[in-house]
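Here are the chains, one letter per residue:
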Amino acid sequence: MWIGTLYALVAGLMWGLVFVGPLLVPEYPAALQSVGRYLAFGLIALPLAWLDRKALRQLSRADWLEALKLAAVGNLLYYLCLVSAIQHAGAPLPTMIIGTLPVVIAIAANLRNARRDGRLPWAHLAPSLLLIVAGIACVNEAEWIALRAQAHADLARYAIGALLACCAVVCWTWYPLRNADWLRHHPGRNPRTWATAQGVATLPLALIGYALLWLFMGMSNRHFAMPFGPRPWVFIALMAAIGLFASWLGTTCWNEASQRVPTAIAGQLIVFETLAALSYAFALRGAWPNARTLLGIVLLIVGVAWAAKIKPVPLEYVEAEHL
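Note that the coordinates shown come from a computational prediction; the quantities given were computed from them, not determined experimentally.

What counts as what
Residues numbered from 1 in each chain as written. Predicted model: local features only at pLDDT ≥ 70, side-chain atom pairs only at ≥ 80, totals over all residues. Heavy atoms only, no water. Phe/Tyr/Trp six-rings, centres within 6.5 Å; stacked < 30°, edge-to-face > 60°. Helix = DSSP H or I, 4+ residues; strand = E, 2+ residues; numbered from the N terminus. Buried < 20%, exposed > 50% of the residue type's maximum accessible area, 1.4 Å probe, protein only. Lys NZ or Arg CZ within 6 Å of the ring centre and 35° of its normal. Expected span 1.5 Å × (residues − 1). Bend = angle between axes of the 7 residues up to and from the residue. pLDDT = per-residue confidence, 0-100. Salt bridge = Lys/Arg side-chain N within 4 Å of Asp/Glu carboxyl O. Axes fitted to C-alpha atoms, helices over the stretch in contact; angles between N-to-C directions. Parallel < 35°, antiparallel > 145°, perpendicular 65-115°, else oblique. Left-handed = near helix turned anticlockwise from the far one by under 90°. Contact = heavy atoms within 4.5 Å. Nonpolar A, V, L, I, M, F, W, Y, C, P; charged D, E, K, R; others polar.

Caption draft 1: Region of interest: the packing of aromatic side chains. Across all of its chains, the model carries 10 aromatic pairs by this definition. Centre to centre, the rings of Trp-172 and Trp-254 are 6.1 Å apart; their planes meet at 65°, and the pair counts as edge-to-face. Of this pair, Trp-172 sits in helix α10 (residues 155-185) while Trp-254 is found in helix α12 (residues 232-260), placing the two residues 82 residues apart along the sequence. Residue Trp-172 is classed as buried on the basis of its relative accessible area of 6%. Ring pairing ties together the aromatic residues Trp-15, Tyr-78, Trp-172, Tyr-175 and Trp-254, which thus form one cluster. Sitting over the ring of Tyr-79, Arg-37 keeps its end group 4.5 Å from the ring centre. Directly above the ring of Trp-50 sits Arg-53, whose terminal nitrogen or CZ lies 4.0 Å from the centroid.

Structure, rendered in C-alpha cells:
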C-alpha cells in the first residue's frame, strides 16, 4: 500500500506540470498544446518501445484497441479540455475543479469495483472524503475571493472554463477506472510496458490531429506561425518536457500504483496532482498561499493519509452482514 502511495505521489508531482504549461505559452491554442504534448509523448515512446519490443509483441489486438481508447480519452481529450479551461479561467479554478477527482473516483470505484477490489466501508471512507472535500472547499473559497476582487473579471469566461474543467473531470474519472481494469486483468504485465503502449497508440492520433489543425489554421487565415508557433524552441522544449515527465513517467508511476492500491483509494491519491499543481502555480506567481489555502492543503493531506489506512472488505462479508 505505501509503495503504491509513493508511486502515486511521484505521478502527482509529474502531472502537476501540465497545469503550468498553458501559463508559459498562453498564446498557443489549446488544441495545438494538446496534440503537441502527445506527439512528443508518442515520439519519446518509440525508442522505449524498441527496447521493450518483446513485451509489446505479447499484447493482443484487443489490448492495443484498449490502449487507443485510453490514449484518446485520457490523454488527448482530457488535456484539450484542461488547457482550454486554464486559458479561459486561469490555473487556480481548473485546478480546484480537477481537485474533486479524488472524491468522484473514490465514490465511482467503490460502487463499481466492490466485487473485484472489496468494498471500502462507507463509514470508514466518509471521514477521509469529508476532509478532502473540506480542503478543496477552503482552496476554492480563497481563489474565488481573489477572483471577485479583480476589477475586470470576466465571469462568463470563467464559467466556460469551469464547464471545460468539468469535462476534464469526466474524462479522468473514466480513464483510471478503465486503466485499472486492464492492469488488474493482466497482473503479469509490466506497468512500464503498458505506459509505453499508450504512448505508441497516442502517436498516430496526435499526428492526425496535428495535420488537421495545421490545415484548419491555414484555411481559416489565422496568423499563427505553424508548425511550432511564434516561440518554436520554447514550445518544443516545453512539449518534450511534459511529454517525458508528465506523460510517460507519470503514467508509468500511476500504473505501478494502480497494481498495488485499490481503485477507490487510488482515486483519492490523485489529490497529489492537485497539491503539486497548486504549488507550481503559486511558485509561478511568486507568492505564498494565504492561510485559508494552506488550511485546505493540510486537510487534503490528512484526508489522503486517512484513506491510505483503510482496508477493503470482501463484498461477501458486506452482503452477509445485511442478511
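Next comes the rest of the write-up.
Caption draft 2: Representation of α12. Under the 1.5 Å per step criterion, the end-to-end length of α12 is 40 Å for 29 residues, consistent within 8% with the ideal 42 Å. Taking the largest bend as the criterion, α12 deviates by roughly 30°, centred on Gly-250.

Caption draft 3: Quick peek at the confidence of the model for the protein. The predicted model of the protein has a mean per-residue pLDDT of 84, with 94% of residues at 70 or higher. When pLDDT is averaged over each helix and strand of the protein, the minimum, 54, is found for helix α16 (residues 315-322) and the maximum, 93, for helix α4 (residues 53-57).

Caption draft 4: Expanded view of unusual backbone geometry. For the bond from Met-226 to Pro-227, the omega torsion is 15°, close enough to zero to count as cis. Note on placement: Pro-227 falls in the loop between α11 (191-219) and α12.

Caption draft 5: How the structure looks around the pattern of salt bridges. The tally for this structure, following the rule as stated, stands at 6 salt bridges. A salt bridge links Asp-52 to Arg-192; the nearest nitrogen and oxygen atoms lie 3.7 Å apart. A residue pair is termed long-range when its members are at least 10 positions apart, and Asp-52 in the loop between α3 (30-51) and α4 and Arg-192 in helix α11 qualify at 140 residues. Under the relative-accessibility criterion, Asp-52 is labelled buried at 12%.

Caption draft 6: Seen up close, the packing of helix α5 (residues 61-89) against α11. Put simply, α5 and α11 touch, their axes get as near as 8 Å, and they point 70° apart. Taken as axis vectors, α5 and α11 run roughly perpendicular relative to one another. Remark: the crossing between α5 and α11 carries right-handed chirality. Side by side, α5 and α11 meet where Asp-63, Trp-64, Glu-66, Ala-67, Leu-68, Leu-70, Ala-71, Ala-72, Asn-75 and Leu-76 of the first sit next to Trp-194, Ala-197, Gln-198, Val-200, Ala-201, Thr-202, Leu-205 and Ala-206 of the second. Of the residues contributing to the contact of α5 with α11, the split by class is 13 nonpolar, 3 polar and 2 charged.

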